[in-house]
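In case you want the letters, here they are:
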Amino acid sequence: MSYVTQVLEQLKQTYRNEPEFLQAAEEILPSLEPVLAAHPEYQKAALLERFVEPERVVSFAVPWMDDKGEYHVNRGWRVQFNSAIGPYKGGLRFHPSVNLSILKFLGLEQILKNSLTSLPIGGGKGGSDFDPKGKSDGEIMRFCQSFMTCLYRSIGADVDVPAGDIGVGGREIGYLYGQYKRLTGTVTPGVITGKGISYGGSLGRTEATGYGLLFFVDEMMRDNGKSLDGMRAVISGSGNVAIYAAEKAQELGVKVVAMSDSNGYIVDEDGVDLSVVKEIKLARRARIKEYLQSVPSARYFEGCKGIWTVPCDLALPCATQNELDLSSAFALIAHGVVAIGEGANMPCTLDAQKAFVEHGVLFAPAKAANAGGVATSALEMAQNSARLSWSKEQVFGQLQSIMRSIYRNALAAARRYGLGDNLIDGANIAGFERVAEAMYALGL
Ligand code: NDP
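Residues numbered from 1 in each chain as written. Predicted model: local features only at pLDDT ≥ 70, side-chain atom pairs only at ≥ 80, totals over all residues. Heavy atoms only, no water.

Glancing now at the overall build of the protein. The helix and strand tally for the protein stands at 18 helices and twelve strands. Since a compact globule built from 444 residues should have a radius of gyration of about 22 Å, the 21 Å found for the protein is in line with a globular shape. Principal axes of the C-alpha set define a box for the protein whose edges measure 65 × 55 × 45 Å. For the protein, buried positions account for 57% of its 444 residues. (Helix = DSSP H or I, 4+ residues; strand = E, 2+ residues; numbered from the N terminus. Rg over C-alpha atoms; globule rule 2.2 N^0.38 Å. Buried < 20%, exposed > 50% of the residue type's maximum accessible area, 1.4 Å probe, protein only.)

This is the structure:
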């Protein structure tokens, strides 16, 4: 049994009640076989066993009061996974589905994603099973303040730097940072990213994940002699990643014909009007169904999965994990899909990924393709350290060059180990090589 298989089998025994974490490990570990074979010293240093185990997990109760004066308690976590190449870095997710398994899967992915950016950031992730839907502004603020009261001792600009994720956007980051500032009596903007521009945020961070996804996909298409111009795209979700992916796609000449939220999806054959989607989802935090009130010629369908039956050349899953399964993959392949770009983390199931690769569909894996958000977070940290702010052009220029180099590095890693143009394995290997080298160099 190979070293990788031994570690994976052990992991399956120990964490059989953490399916999402095991799914991520099963995607990542086998692709590292050639690296570990080339470095027998890593096995002696138990490097892989250390890589799959978080360095520290902080778990806490988050008590808060609703507008009626009633008390509630949610669970909160911060998974500080790996700090070999820099301070822990990764978002906070507020969603009722959040548990340790999901945060560990996201944290493990984050280690490699952050390494791929070539910037000095380690991997972490955190969040709570709090459901922000239907909560008032005051309730959100009190929850964020309580969450930070529990977390602030464990983070720091050189220790662990959280950011947003599902359910945590600019509003929540403001409340979280405000409480950190109040509790510590310091002005340390570098402790959290995704901040508003008036108090230390970076221009372009809001758009970065979605734009970065399109920069990556554009590079992949060009490299394969294809162009995005004139393509039809289906984009799931209508949150931060989906909206800015759609914006950049449209700028590049793509017609976005469908978008969704957790209730259902809209199809607009004339091309989705993003100003309407932004008004509904970002300004009013309402349901995407309301798109039809502004664009009566569009259609609405209940349920999320059906979106993958809408014919398209380009599919960008930008909502959540495991939202695109094997049957959806076959529906897309049957309609002649050309490329998939994963905007969300682990949106495609393992068998769906495999089907795309086997059918020659160009596949941009999440940890490479959606790294633009965290890369720009690292640029925000750099600006905070230097007490400077860069122009949007500077930020987007750097973002574009980072996304291109992630593409090239992932491809080069795959080719170096004789894996053809497989970006899934290539991204895992390129991300892992840097972390492993640092872990080994630092000793036990
Ligand atoms: P948001 O909370 O802003 O948006 C999530 C969107 O997905 C919402 O529109 C939500 O609908 C929708 N959604 C949730 N579940 C489903 C589902 N099952 N089917 C269809 N739609 C669904 O989150 P983000 O855009 O920030 O994050 C989306 C994904 O991207 C996550 O996987 C996240 O980890 C990943 N990501 C985010 C980064 C960032 O910078 N924000 C960086 C890298 C990755 P509703 O409005 O109904 O809740």
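Still more to cover.
Right, let's talk about the nonpolar core for a bit. Counting residues in hydrophobic clusters, the biggest one holds 104 residues, and the most contacted among them are Leu-48, Phe-51, Met-259 and Phe-432. Those residues in contact with Leu-48, other than ones at most four positions away along the chain, are Tyr-3, Val-4, Val-7, Leu-29, Leu-32, Leu-36 and Phe-432. (Core = buried A, V, L, I, M, F, W, Y, C linked by side-chain atoms within 4.5 Å. Contact = heavy atoms within 4.5 Å.)

Bringing the site of the ligand into the picture now. Of all residues adjacent to the ligand, which total 25 residues, the nearest are Asp-165, Thr-209, Ser-262, Arg-287 and Asn-345. A distance of 2.5 Å is found between an oxygen atom of the ligand and a side-chain nitrogen or oxygen belonging to Arg-287. Elements with a contribution of two residues or more to the shell around the ligand: helix 9 (205-223) and helix 10 (240-251). Residues belonging to the shell around the ligand are distributed by class as follows: six nonpolar, twelve polar and seven charged. Viewed by domain, the shell around the ligand spans two of them, domain 2 (54-187) and domain 3 (206-369), each represented by three or more residues. (Near = heavy atom within 4 Å. Polar contact = N/O pair within 3.5 Å; in protein donor to acceptor, adjacent residues only side chain to side chain. Nonpolar A, V, L, I, M, F, W, Y, C, P; charged D, E, K, R; others polar. Domains from an automatic or database assignment.)

Attention shifts here to the pairing of strand 8 (residues 264-267). Burial along strand 8 is two-sided: Gly-264 and Ile-266 and Tyr-265 and Val-267, pointing in opposite directions, are all buried. In this sheet, strand 8 lies alongside strand 7 (residues 255-260) in antiparallel orientation, the contact comprising three bridges. Within strand 8, the position partnered with Ser-260 by the bridge is Tyr-265. (Pairing = 2+ DSSP bridges.)

Its domain assignment divides the protein into domain 1 (1-53), domain 2 (54-187) and domain 3 (206-369). Computed over C-alpha atoms, the centres of domain 2 and domain 3 are 27 Å apart. Between domain 2 and domain 3, the buried area comes to about 1000 Å², and carbon and sulfur atoms account for 50% of it. Between the two partners, domain 2 and domain 3, sit one salt bridge. Scanning the region where domain 2 abuts domain 3 turns up four residue pairs in polar contact (both at pLDDT 80 or more). Considering only residue class, the side of domain 2 that touches domain 3 consists of six nonpolar, no polar and seven charged. (Buried area = accessible area lost by both parts, 1.4 Å probe. Salt bridge = Lys/Arg side-chain N within 4 Å of Asp/Glu carboxyl O.)

Bringing the pattern of salt bridges into the picture now. Oppositely charged side chains can form a pair if their charged atoms are brought close together. Under the criterion given, the structure shown has 28 salt bridges. A salt bridge links Glu-380 to Lys-195; the nearest nitrogen and oxygen atoms lie 2.7 Å apart. A residue pair is termed long-range when its members are at least 10 positions apart, and Glu-380 in helix 16 (residues 372-386) and Lys-195 in the loop between helix 8 (170-184) and helix 9 qualify at 185 residues. The burial state of Glu-380 is the same as that of Lys-195; both residues are buried. In this structure, Glu-358 and Lys-354 form a salt bridge, with 3.7 Å as the shortest nitrogen-oxygen distance. In this pair, Glu-358 and Lys-354 are both assigned in helix 14 (residues 350-358), four residues apart and thus about one turn of the helix distant. Look at Glu-358 and you get exposed, because its relative accessible area is 57%.

Examined against the element boundaries, Gly-237 turns out to sit in the loop between strand 6 (232-236) and helix 10. What makes Gly-237 buried here is its relative accessible area of 6%. Setting aside residues up to four positions removed in sequence, Gly-237 forms contacts with Ala-242, Met-259, Ser-260, Cys-318 and Ala-319.

Now for the side chain of Thr-193. In this structure, Thr-193 sits in the loop between helix 8 and helix 9. By relative accessible area, which is 0% here, Thr-193 ends up buried. Of note is the side chain of Thr-193, whose polar atom sits 2.9 Å from the side chain of Lys-89. There is a polar contact of 2.8 Å between the side chain of Thr-193 and the side chain of Ser-377. Once residues within four sequence positions are removed from consideration, Thr-193 is found in contact with Lys-89, Val-161, Pro-162, Ala-163, Gly-164, Ile-173, Ser-377, Glu-380 and Met-381.

To summarise the sheet geometry, strands pair through backbone hydrogen bonds and adopt either a parallel or an antiparallel arrangement. An order of 9-8-7-6-10-11-12 is seen for the seven strands of this open sheet, with the pairing classed as mixed. With partners counted over all chains shown, the strands left at the sheet margins are strand 9 (299-302) and strand 12 (362-364), one partner each. Pairwise comparison of adjacent strand axes, ignoring direction, gives a mean angle of 15° for this sheet. Against the sheet, helix 10 makes contact with strand 6 and strand 7, and its axis sits at roughly 170° relative to strand 7, the strand it touches most. (Axes fitted to C-alpha atoms, helices over the stretch in contact; angles between N-to-C directions.)

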